Amino acid sequence: SSSSSSSSSSSSTPSHQSAQHYVVYMGGSFGRDAEIGDIKIAESAHLQLLSTIIPSEERERVSVGHVYHHAFRGFSALLTPAEASLLSGHEEVISVFPDRNLKLHTTRSWDFLNEESGVSSSNYFHYQHMYNASTDIIIGMIDTGIWPESPSFRDEGIGEIPRRWKGVCMEGYDFKKSNCNRKLIGARYYTYQSVPIEASDTTMRKSSNSPRDHDSHGTHTASTAAGAGVANASYYGLARGTARGGSPSARLAVYKACTVDNCASSTILKAIDDAVRDGVDIISISLGMDFESDFLSDPIAIGAFHANQMGVMVVCAAGNSGPDPYTVVNTAPWIFTVAASNIDRDFESTLLLGNGKSFKGSGITLSNLTSSSQYPLAFAGDVAAEFTPPSEASNCYPGSLNRKKVAGKILVCVNNYPSIARKIKKLVVQDAGARGLIYISDVAKGVPFDSGAFPFTQIGENAGIQILKYINSTKKPTATILPTVAVQKFKPAPVVADFSSRGPGGLTENILKPDIMAPGVAILAANIQESEPGQDLVGKMPSQFAIKSGTSMACPHVTGAVAFIKSIHHLWTPSMIKSALMTTAIIADNTGRVLTNSSADSAN
């Protein structure tokens, strides 16, 4: 490139600094059964290709990161923009695109789906036996890894591992081969990182060197798709019942392509390539780009295309950027794109005011406050820090509160600054010494926020007006927030979740996306046994099950349904299964009316 042609060994730094990781896509492979020797030959050819465009004085960059050879061909490498442009013109190359960081799209749900479809849970398992359902269906989960000790992944009653399985159970610093079993038959992780990890960040570095999940996202999604039945499951007593996946008899193979902050597109492609080679039947991907990308520079679209060609169905989350239109991702026609809904269970945290009035709010709070105790109540805008505009304080903006005025009080915050998430507001209020938080907003009210042990409730804006009037009507307003209770048979359900990304897809408006909707709000599923930051349940061990929301949670519901159908109809193609699910999906809620969205408008 022109920028490096005049560089000397002592002045090559500017060119080197402009280099970044790219993915080089070279089209279809010659089949999923490539041998090690074939891969070495391909890697040698890739190195030869790189040597023709990278200057000789920077020969250390003539190396490849990931090599793709089973489902499709290509590699990842460190290139300057000029080198990438030059390489994209090569006759063997289809596209070259930057290696971007993708985002994760973070029990009762299966019973709810069965009830809405007119199927009892007992009949669900009866159908499996009646139609001689196979237990040899293998689901590949591309996510943050797995917590193998969870009871959701025990292998009682499952037969020997299918002979066609070619995968591995990789050992890591905290993961042994014995952690795999007849249920969890494969586990891979990827040490090559295109996003640099600081040398001092030993936690992140260790997390990358094992299939073990240190985020809980992958464990939650895997158990939703194919977890074994676990009786008496709950989140610290909430949502108690039997937790199970959509296809409890299916096998799991996990591909840890993401850590907490690192989800490189080159690694996602490698995981898809490995999954196809290993012999999975279905790939579940609860992550995606921040925005819709051209298919030739979208790693999931590329990988899914070639997986689909080989008969492997790819199910993806639609994204969490709703409710605005044109926000859906993973829109390629060959991807099964999943939106999120609520189910007929809600989590209420009741607010009691000193004047005797009560309001049913939304939230998951495990506080120890009771109806017999009242605490001073204040509007956050009235307890602003010095030199802070009341508008910032009223929204619980970081650094906006006067700690002395806040201490011991329950605060009321509003939502005029939507960029400040509920989690941030809670941390700001908690750090200032408050006793609890009342959050007034209609945005995402149907998606209960988990505040841990800190008292929290979200109240709608109409009720919020009454709360503010009460504060202004008395010198010493008081309130308390009661611990959360689960409300069963909640109506209406399903409703399109507020956060669920909406269509149409910008690239193919004539192909409707998302394809289908599934439960993704407040879903109970398996959890890692490590404390999450901010979940300060003093004196309590981490729960074996967690409640999470997102299209990430909706995606594995569809994956489980796909696995169930595949277990009965072994020869059905991805398109046949997709058609079967879409044409039999319900189109009315549990009130008998047409499905609605979070604004109470008819969903389309």
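Refer to the structure above for everything that follows.
Residues numbered from 1 in each chain as written. Predicted model: local features only at pLDDT ≥ 70, side-chain atom pairs only at ≥ 80, totals over all residues. Heavy atoms only, no water.

Draft legend 1. A look at the sheet that holds strand β14 (residues 336–341). Taken in spatial order, the 7 strands make up an open sheet running β7-β10-β6-β11-β13-β14-β25, and their pairing is parallel. Both edges of this open sheet fall to β7 (184–189) and β25 (516–519), since each of them pairs with a single strand only. Within the sheet, the average angular offset between the axes of one strand and its neighbour, ignoring direction, is 25°. As defined by bridge partners, strand β6 (residues 138–143) adjoins strand β10 (residues 251–256) across 6 bridges and the pair is classed as parallel. If you follow Asp143 over to β10, its bridge partner there is Lys256. (Pairing = 2+ DSSP bridges. Helix = DSSP H or I, 4+ residues; strand = E, 2+ residues; numbered from the N terminus. Axes fitted to C-alpha atoms, helices over the stretch in contact; angles between N-to-C directions.)

Draft legend 2. Quick look at the nonpolar core. Ile139, Val315, Val558, Val562 and Leu581 are the most contacted members of the largest nonpolar core, which has 52 residues in total. Ranked by residues supplied to this core, first place goes to helix α14 (residues 551–568) with 7 residues. Domain assignment of the residues forming this core places at least three in each of domain 2 (109–194 + 203–344 + 494–597) and domain 3 (348–487). The contact partners of Val558, leaving out residues within four places of it in the chain, are Val315, Phe336, Val338, Ile516, Ala518 and Leu581. In terms of nonpolar packing, the next biggest core, distinct from the first, is built from 39 residues, Tyr68, Cys263, Ala304 and Ala307 among them. (Core = buried A, V, L, I, M, F, W, Y, C linked by side-chain atoms within 4.5 Å. Buried < 20%, exposed > 50% of the residue type's maximum accessible area, 1.4 Å probe, protein only. Domains from an automatic or database assignment. Contact = heavy atoms within 4.5 Å.)

Draft legend 3. Fine view of the state of the cysteines. By the definition in use, this model includes 3 disulfides. In this model Cys169 forms its disulfide with Cys180; the gap between the sulfur atoms is 2.0 Å. Since a negative S-S torsion denotes a left-handed disulfide, the Cys169-Cys180 link at about 85° is right-handed. In this pair, Cys169 is assigned in the loop between β6 and β7 and Cys180 in the loop between β6 and β7, connecting sequence segments 11 residues apart. Cys169 sits in the buried class, given a relative accessible area of 12%. Sulfur-sulfur distance for the disulfide between Cys258 and Cys263 comes to 1.8 Å. (Disulfide = S-S within 2.5 Å.)

Draft legend 4. Fine view of the packing of aromatic side chains. Tallied over the entire structure, the rule returns 6 aromatic pairs. With centroids separated by 5.1 Å and ring planes inclined at 75°, the aromatic side chains of Phe449 and Phe456 adopt a geometry described as edge-to-face. You can call Phe456 buried: its relative accessible area is 0%. Taken together, Phe295, Phe305 and Trp334 form an aromatic cluster joined through their ring pairs. (Phe/Tyr/Trp six-rings, centres within 6.5 Å; stacked < 30°, edge-to-face > 60°.)

Draft legend 5. Looking closely at helix α9 (residues 299–309). Counting buried positions along α9 gives 8 out of 11 residues, so the element sits mostly inside the fold. Those residues of α9 that sit buried are Pro299, Ile300, Ala301, Ile302, Gly303, Ala304, His306 and Ala307. The N-cap residue of α9 is Asp298: its side-chain oxygen and the backbone nitrogen of Ile300 are 3.0 Å apart. One or two steps after α9, the chain reaches Gly311, where phi turns positive at roughly 85°. (Polar contact = N/O pair within 3.5 Å; in protein donor to acceptor, adjacent residues only side chain to side chain.)

Draft legend 6. How the structure looks around the sheet that holds strand β4 (residues 95–98). Strand order in the open sheet made by the 4 strands is β2-β3-β1-β4, with antiparallel pairing throughout. Lying at the two open borders of the sheet, with one neighbouring strand each, are β2 (67–68) and β4. Sheet topology places β2 next to strand β3 (residues 72–79); 2 bridges connect them, and they run antiparallel. For Tyr68, the partnering residue across the bridge sits in β3 and is Gly74. The strands that α9 touches are β1 (20–28), β3 and β4; relative to β1, the one it contacts most, it runs at about 25°.

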